[in-house]
Amino acid sequence: MDRVSAFDEPLKKLLGGATAKVMAEHLDLHTVGDLLHHYPRRYEERGRLTALTDLPLDEHVTVVAQVADARVMAFNNGRGKRLEVTLTDGHGRLQLVFFGHGVHKPHKELLPGRRAMFAGKVSVFNRKMQLAHPTYQLLDAEFTDEAGATEAVDAFAGKLLPIYPACKQLDSWRIAKAVDAVLPSAQEAVDPLPPALREGRGFTALPEALLKIHRPQTKADVAAARDRLKWDEAFVLQVALARRRYADTQLPAVARRPVPGGLLDAFDAKLPFTLTDGQLKVTKEIFDDLAAEHPMHRLLQGEVGSGKTMVALRAMLTTVDAGGQAAMLAPTEVLAQQHHRSITEMMGELAEGGMLGGSERGTKVVLLTGSMGMAARRQALLDLVTGEAGIVIGTHALIEDKVKFHELGLVVVDEQHRFGVEQRDALRSKAHSQGERRSPHLLVMTATPIPRTVAMTVFGDLETSVLDQLPAGRSPIASHVVPAKDKPHFLSRAWDRVREEVENGHQAYVVCPRIGDDEDEAAKKKGKKDAAEEADKRPPLAVLDIAEQLAKGPLSGLRVEVLHGRMHPDDKDGVMRRFAAGQADVLVATTVIEVGVNVPNATAMVIMDADRFGVSQLHQLRGRVGRGSAPGLCLLVSEAHEASPSRARLSAVASTLDGFELSRIDLEERREGDVLGQAQSGVRSSLRVLSVIDDEEVIAAAREEAVTVVAADPDLEHLPELRLVLDALLDKEREEYLDKG
């Protein structure tokens, strides 16, 4: 059999159509290779019970436990029956409940003293943790007369019982049985690690590692297998990224060096402040890249308000000085307009090149968005193609085919995580419109602090600069959780604080998760099943509702305005202009204000339903206040229970302003999900045992090894196994994603 084809074999050939269909639809497993790389989440020891006290709510779990008690209860005047079973691990207890016809079999089998594996979704009823209608497999040998139960014991002959990531439709033990069917194919595994690397680090052979992770005899087996498989994942990914970086160094680009006495010098002479040491350091890194004859690919990550826009603007001015054009791409029209406004204000007459009163050393700064009027749009397009405009700021409208540049030299992408790689690539390709294959330099900016390991994986094709020093004059932000349900008077006090800030001449934001107009109705029309599950949850608070309540109630008499994504762009811009000019006191908005909105006079922010936002998002939102000389205040309003994970998350946000610390919490909370990010690549992550939280050393070492391998053999001609695995793991879609960088 061909060495790759064993792994490419469709699961339905080995497991039958029904099982294969469930695996494909619910677990995204399609081939033998997919299933062999679907590793156990953890292992239970035969005879040892699962700790029942710290099971995660609303998650599908598999536990090994002992029946303490079982009783049938009548309800509905005796017309209905339910079986209540209490499980124990010797410390904690867990309730099982079965209804109707589902009562009979478990009533006969789940007798006190019996042990079994149980799988189901953890919920709370009457303040007790419970599993409703769980599936189970008896584990006591003396009770396994029935064929199905005997299979369960046979499948777990070892001391360690593997518990697989499962779903409602397919229990862990059924997945284990399916793995048994494909495990012989592990012998066909193609080993991606170069022999010298494998031997030098003393790794287990790959077929053996696969066998040990699925059917370990000891905990040492699990550790050895995981060490080996982590390295495979880290190394293959880092090789892909190293090849991307190497290919970038082979591309030609026009070097853009500062010109003495040019636009940059004139701009610097106007600055009313000095740049921070951090800004000077990252500027040097960027200018060194711009001076090279291959394209810069750099990620600039900086805390909210650290002055990234100033750094990017100086890079754009340098590019214009050196005969090129610079394009800045923003994720929303509000942000594009804001950038255009602040950049033209900072540049003054230098942004009015060719216009009456403009500086002769100046250039034209144009805005290009999808909603512009035809005349303004036509003029902007003309300014770009003739080279009259040195700087253009826009949304994805910049990518349209009809947009042509005279000589695009630098692309700045703001908030990369909101902008797909395909769009980024389309803009870069515009530099080739003159027929010369010269790539523009690329600077990606993000205000979301990214842990080093994530930067090495998600943004591994970019060199990284970190701006972690806030400019002088930025004020501290005090953050507090407001428990609206437990202590309603705290919420009243929050509105008093907003009023006090306004009375002191300042302004405030109120952020809500939802808009709340008729278009939201579509979201409400869910299936009945969804509706039943959501019955105990109220819909998120909405901008339009809250704005009305505040204007009539606690903030009556203040000038309250609303801002959200579905407003007409001119209306949005009008609201932002009025707020920036101090003509509105309170802005009730969605997360449309999350990035880039800069109103130094806004000192207070109240975030409603704060538990419905992610950690990084809350940190971003909070960064909109305290941008001037007055201290900032951020109030996180929540109805979540004090002991809930969401309240713990809010407390973490309130307790630190360190974005890197919060990004680590955010990552742990999301359980890394898809580390490569659905938004990034459009395909699922290949990382299964590698943890970008815990495995920094592995990732860093794999990166070093990958750089060495690629430098010696960029096309991997002498490493055909590595090339094969790379092609299989980074499927065509992923390869394209990495190629687009």
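What counts, and at which threshold
Residues numbered from 1 in each chain as written. Predicted model: local features only at pLDDT ≥ 70, side-chain atom pairs only at ≥ 80, totals over all residues. Heavy atoms only, no water. Phe/Tyr/Trp six-rings, centres within 6.5 Å; stacked < 30°, edge-to-face > 60°. Helix = DSSP H or I, 4+ residues; strand = E, 2+ residues; numbered from the N terminus. Buried < 20%, exposed > 50% of the residue type's maximum accessible area, 1.4 Å probe, protein only. Polar contact = N/O pair within 3.5 Å; in protein donor to acceptor, adjacent residues only side chain to side chain. Contact = heavy atoms within 4.5 Å. Axes fitted to C-alpha atoms, helices over the stretch in contact; angles between N-to-C directions. Parallel < 35°, antiparallel > 145°, perpendicular 65-115°, else oblique. Left-handed = near helix turned anticlockwise from the far one by under 90°. Nonpolar A, V, L, I, M, F, W, Y, C, P; charged D, E, K, R; others polar. Pairing = 2+ DSSP bridges.

Asker: So what's going on with the packing of aromatic side chains? Residues and values would help.
Answerer: Under the defined criterion, the tally for this structure stands at six aromatic pairs. Judged by centre distance (6.1 Å) and plane angle (40 degrees), the rings of F118 and Y136 are tilted. Of this pair, F118 sits in strand 5 (residues 115-125) while Y136 is found in strand 7 (residues 135-138), placing the two residues 18 residues apart along the sequence. Each member of the pair, F118 together with Y136, is buried. Ring centres of F203 and W231 lie 5.8 Å apart, and the angle between their planes is 50 degrees; on these two criteria the pair is classed as tilted. With F203 in the loop between helix 8 (195-200) and helix 9 (206-214) and W231 in helix 10 (residues 219-250), the pair connects residues that are 28 residues apart, well separated along the chain.

Asker: Describe the side chain of H564, listing the residues and the values that go with them.
Answerer: If you trace the backbone, H564 turns up in the loop between strand 18 (560-563) and helix 22 (569-580). For H564, a relative accessible area of 7% translates into the label buried. Looking at H564, its side chain comes within polar contact range of the main-chain nitrogen of R566, at 3.2 Å. Each residue touching H564, except ones within four places of it in the same chain, is listed here: I515, L544, K572, T590 and V592.

Asker: Give a detailed account of the packing of helix 10 against helix 27 (residues 696-712), specifying residues and quantitative values.
Answerer: Relative to each other, helix 10 and helix 27 sit at 50 degrees, their axes nearing to 8 Å. As far as their axial angle goes, helix 27 and helix 10 are oblique. For the element pair helix 10 and helix 27, the recorded crossing hand is right-handed. Of the residues in helix 27, those in contact with K230, W231, A234, F235, Q238, V239, A242, R243, R245 and Y246 of helix 10 are V698, I699, A701, A702, R703, E705, A706, V707, V709 and V710. Looking at the contact of helix 10 with helix 27 residue by residue, the classes come out as 14 nonpolar, one polar and five charged.

Asker: Could you give an account of the sheet that holds strand 19 (residues 586-589), with specific residues and numbers?
Answerer: Ordered by their spatial adjacency, six strands build an open sheet running 16-21-20-17-19-18, and the pairing between neighbours is parallel. In the strand order of this sheet, the two ends are held by strand 16 (477-483) and strand 18, each with one partner. Adjacent strand axes in the sheet meet at a mean angle of 20 degrees when their direction is disregarded. Sitting on the sheet, helix 22 is in contact with strand 17 (507-511), strand 18, strand 19 and strand 20 (602-607), with an inclination near 140 degrees to strand 18.

Asker: Report on the side chain of H214, specifying residues and quantitative values.
Answerer: Positionally, H214 belongs in helix 9. According to the relative accessible area criterion, H214 is buried, its value standing at 0%. Among the polar contacts made by the side chain of H214, one reaches the side chain of Y164 at a distance of 2.9 Å. For H214, the residues in contact, after removing those within four places along its chain, are L35, L36, H38, Y39, P40, P162, Y164, V179 and L183.

Asker: With reference to specific residues and values, describe unusual backbone geometry.
Answerer: Although it is not a glycine, D28 adopts a positive phi angle of roughly 60 degrees. Among the structural elements, D28 can be located in the loop between helix 3 (17-27) and helix 4 (32-36). For D28, a relative accessible area of 29% puts it in the partly exposed group. Positioned with a positive phi, D609 is a non-glycine residue whose angle comes to about 50 degrees. The residue D609 is located in the loop between strand 20 and helix 23 (615-622) in this model. Taking relative accessible area as the criterion, D609 reaches 4% and is therefore assigned buried.

Asker: Describe the sheet that holds strand 9 (residues 297-302), listing the residues and the values that go with them.
Answerer: Ordered by their spatial adjacency, seven strands build an open sheet running 11-12-10-13-14-9-15, and the pairing between neighbours is parallel. The sheet terminates laterally at strand 11 (364-368) and strand 15 (463-467), the two strands that pair on one side only. Neighbour to neighbour, the strand axes of the sheet diverge by 20 degrees on average, direction disregarded. Note that strand 11 and strand 12 (residues 389-394) share five bridges and pair parallel. Note on strand 12: the bridge partner recorded for K364 is A389.

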